[in-house]
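Structural characterization, general
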Amino acid sequence: MAAHTAPDLVYDPSDPGVMANPFPVYARLREEDPVHWSPSVKSWIITRYTDVRDLLLSDQLSVNRLVQFYSALPPKEAALLKDIIHYLNLWLAFRDPPDHTRLRRIMRHAFTASAIEAMRPNVVDITEMLLDRLQAQGRNDIDLIKEFALQLPAFVIMDLLDVPRDMLDEFKEWSDDMAVFIGGARNSGDKYERAARGCQKMSAYFRQLITERAANPRPGFLTDLINARDEGDRLSDDELVATCILVLFAGHETTTNLIGNATLLLLRHPEQLARLRAEPDLIDSAIEEVMRFDGPTNALVRVVAQDHELHGKTLREGERVFVMVNSANRDPRIFEKPDSFDILRKQNRHLTFGQGIHLCLGAKLAREEGRIAVKALLNRFPDMCLNPDEAPEWLDAMVPRGTRRLPVRLKG
């Protein structure tokens, strides 16, 4: 049976203190109530590493959580969300085998290691272009998310999908509108209207772009995706549109948060920053430690596929489950001194990119962008520091973990 839970132990992600630093409550949950029912999110909260890993590998949970949600909606809201539910249900991230197996098998032909490696020069060029722009503007106080961490991965993904860079503001707006629904934003009253609008705009754009590219092929990721086949099987038109939306949405948000969190952690741990400056080859290890210590994925969402017990609690079919990746990555049963940020850490089997069949397809690209961006940023602005007059503002969301604003001073 689970240990007795203190009456004050309730996980409420909308609490500003928890938003800024959820790790003290995660530590209590791991020890006192590792399978915790949160009234505020009406879901199970799973916090121990072994439980998180095992559940991600288990068929007792399903990623296909939208059908049940949609069927329970009132008619007006169901009509509003019809399009976005249609496309989300085609996302790899929301499909169980055998559909997932089929989709991933086709998509891996476009996400090869050589394809990711071919993007590297463009990542470097975009990074240098953005840093040149910051330097030329001569401003000292900036929001690093808006001016750098958001633009870099967005431009990388937009280039990948043949979307003109001058459409950044429009795509950001559409993506933000969808994020309030997909990412579990807590305090947005009009999130269904926004999600529907964002999805309609983005799907219409990609449908037209795919039609044009199919008629006029040219080398690149989008053409690879259109032509990707496995034993004669290929993506349908709707699956192509859905995949483009997924790549754009997931491909920039995670990396934005990775770059922002890495910068914040290094500036808050000057001894680690000094070590990285002295040994730039530690950048790989540093990025892995960022992903473990305070990574860009706070949680992954599942739904119970079949009744089962865990630590004396019964999880019933249809109930929602948040497997708390960032809590698992601080579990002292797995990691030595888990609350220490140590870029020299050797044993670092974090779960940030998931586990099993749903392991993130874009993990290699996210890592590469993170390494290039953080290394170049630190080289270009060696005296950069946090702005003492403005605190970072954290995202109000359950799934992504990052800052909405990160005020820094480029010259100390």
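As shown above, the structure is provided for reference.
Fair warning: this is a prediction, and the values are worked out from it, not measured in the lab. (Residues numbered from 1 in each chain as written. Predicted model: local features only at pLDDT ≥ 70, side-chain atom pairs only at ≥ 80, totals over all residues. Heavy atoms only, no water.)

Counting its secondary structure elements, the chain contains 19 helices and 14 strands. Dimensions along the principal axes, computed over C-alpha positions, put the chain at roughly 60 × 55 × 40 Å. Burial status across the chain gives 54% buried among its 412 residues. For the chain, the proportion of contacts with a sequence separation of at least 24, taken over those separated by at least 6, is 72%. (Helix = DSSP H or I, 4+ residues; strand = E, 2+ residues; numbered from the N terminus. Buried < 20%, exposed > 50% of the residue type's maximum accessible area, 1.4 Å probe, protein only. Contact = heavy atoms within 4.5 Å.)

On to the side chain of serine 62. For serine 62, the location among the structural elements is in strand 3 (residues 61-62). When its relative accessible area of 9% is taken as the criterion, serine 62 is described as buried. Excluding its chain neighbours within four sequence positions, the residues that come into contact with serine 62 are Asp96, Arg302, Val303 and Ala305.

Here we take up unusual backbone geometry. Of note in the backbone geometry, lysine 42 takes a positive phi value of approximately 50° without being a glycine. Structurally, lysine 42 is set in the loop between strand 1 (35-38) and strand 2 (43-46). Its identity as a non-glycine residue notwithstanding, lysine 337 has a phi of 45°, on the positive side. For lysine 337, the location among the structural elements is in the loop between helix 18 (325-328) and helix 19 (363-380). Taking relative accessible area as the criterion, lysine 337 reaches 60% and is therefore assigned exposed.

So, about the sheet that holds strand 11 (residues 385-386). One open sheet holds the three strands; their spatial order is 4-14-11, and the pairing between them is antiparallel. Two strands in the sheet have a free side with no partner beyond their single neighbour: strand 4 (141-143) and strand 11. As judged from the two bridges shared by strand 11 and strand 14 (residues 407-409), these two strands associate in the antiparallel manner. Each bridged residue has a counterpart across the sheet, and for cysteine 385 the counterpart in strand 14 is arginine 409. (Pairing = 2+ DSSP bridges.)

Strand order across the open sheet formed by five strands is 1-2-10-7-3, with mixed pairing between neighbours. The open sheet has two edge strands with one neighbour each: strand 1 and strand 3. Alignment of strand 7 (residues 300-304) against strand 10 (residues 320-323), held across four bridges, turns out to be antiparallel. Bridge assignment links valine 301 to a residue of strand 10, and that residue is phenylalanine 322.

Glancing now at the packing of helix 12 (residues 168-182) against helix 13 (residues 191-215). Between helix 12 and helix 13, the least distance of the axes is 7 Å, while the angle of their chain directions is 135°. Taken together, the axis directions place helix 12 and helix 13 in an arrangement best described as oblique. Crossing geometry of helix 12 relative to helix 13 is assigned as left-handed. Across from Phe171, Trp174, Ser175, Asp176, Asp177, Met178, Val180 and Phe181 in helix 12, the residues of helix 13 making contact are Lys191, Tyr192, Arg194, Ala195, Arg197, Gly198, Cys199, Lys201, Met202, Tyr205 and Phe206. In terms of residue class, the contact of helix 12 with helix 13 is built from 11 nonpolar, two polar and six charged. (Axes fitted to C-alpha atoms, helices over the stretch in contact; angles between N-to-C directions. Parallel < 35°, antiparallel > 145°, perpendicular 65-115°, else oblique. Left-handed = near helix turned anticlockwise from the far one by under 90°. Nonpolar A, V, L, I, M, F, W, Y, C, P; charged D, E, K, R; others polar.)

To continue, consider the packing of aromatic side chains. Inspection of the entire model under this criterion finds 10 aromatic pairs. For the pair phenylalanine 171 and phenylalanine 206, a centre-to-centre distance of 5.7 Å together with 65° between the ring planes defines the contact as edge-to-face. Pair noted here: phenylalanine 171 is in helix 12 and phenylalanine 206 is in helix 13, with a separation of 35 residues, a long-range link. Exposure class is identical for phenylalanine 171 and phenylalanine 206. Each is buried. Here the aromatic residues Phe171, Trp174, Tyr205 and Phe206 are joined through ring pairs into a cluster of three or more. The positively charged end of arginine 292 is found above the aromatic ring belonging to phenylalanine 335, 5.4 Å away from the centroid. (Phe/Tyr/Trp six-rings, centres within 6.5 Å; stacked < 30°, edge-to-face > 60°. Lys NZ or Arg CZ within 6 Å of the ring centre and 35° of its normal.)

Glancing now at the pattern of salt bridges. Across all of its chains, the model carries 30 salt bridges by this definition. For the salt bridge of aspartate 294 with arginine 401, the shortest nitrogen-to-oxygen distance reads 2.9 Å. In this pair, aspartate 294 is assigned in helix 17 (residues 283-294) and arginine 401 in the loop between strand 12 (393-394) and strand 13 (403-405), connecting sequence segments 107 residues apart. Judged on exposure class, the residue aspartate 294 and its partner arginine 401 are both buried. One network of salt bridges, in which partners are shared, links Arg120, Asp284, Glu368 and Arg371. (Salt bridge = Lys/Arg side-chain N within 4 Å of Asp/Glu carboxyl O.)

Our next topic: the nonpolar core. Ranked by internal contacts, the top residues of the largest apolar core, which has 103 residues, are Trp91, Phe148, Leu161 and Phe206. Among the elements that take part in this core, helix 15 (residues 237-268) stands out by supplying 16 residues, more than any other. Counting residues in each nonpolar core, the second largest holds 18 residues, with Val35, Tyr49, Leu55 and Val304 among its members. (Core = buried A, V, L, I, M, F, W, Y, C linked by side-chain atoms within 4.5 Å.)

Okay, the pairing of strand 7 next. Burial within strand 7 is extensive, with five of its five residues counted as buried. Going residue by residue along strand 7, you find Leu300, Arg302 and Val304 tucked away on one face and Val301 and Val303 tucked away on the opposite face as well. By the bridge criterion, two bridges tie strand 3 to strand 7 in an arrangement that is antiparallel. Counted as the bridge partner of serine 62 is valine 303 from strand 7.

Next up on the list: the packing of helix 11 (residues 151-160) against helix 19. Direction vectors running N to C along helix 11 and helix 19 enclose 135°, while the axes themselves pass 11 Å from each other. Here helix 11 lies oblique to helix 19, going by the angle between them. The crossing of helix 11 and helix 19 is right-handed. Facing Leu152, Pro153, Val156 and Ile157 of helix 11, the residues of helix 19 in contact are Leu365, Glu369 and Ala373. Residue composition of the contact of helix 11 with helix 19, by class: six nonpolar, no polar and one charged.

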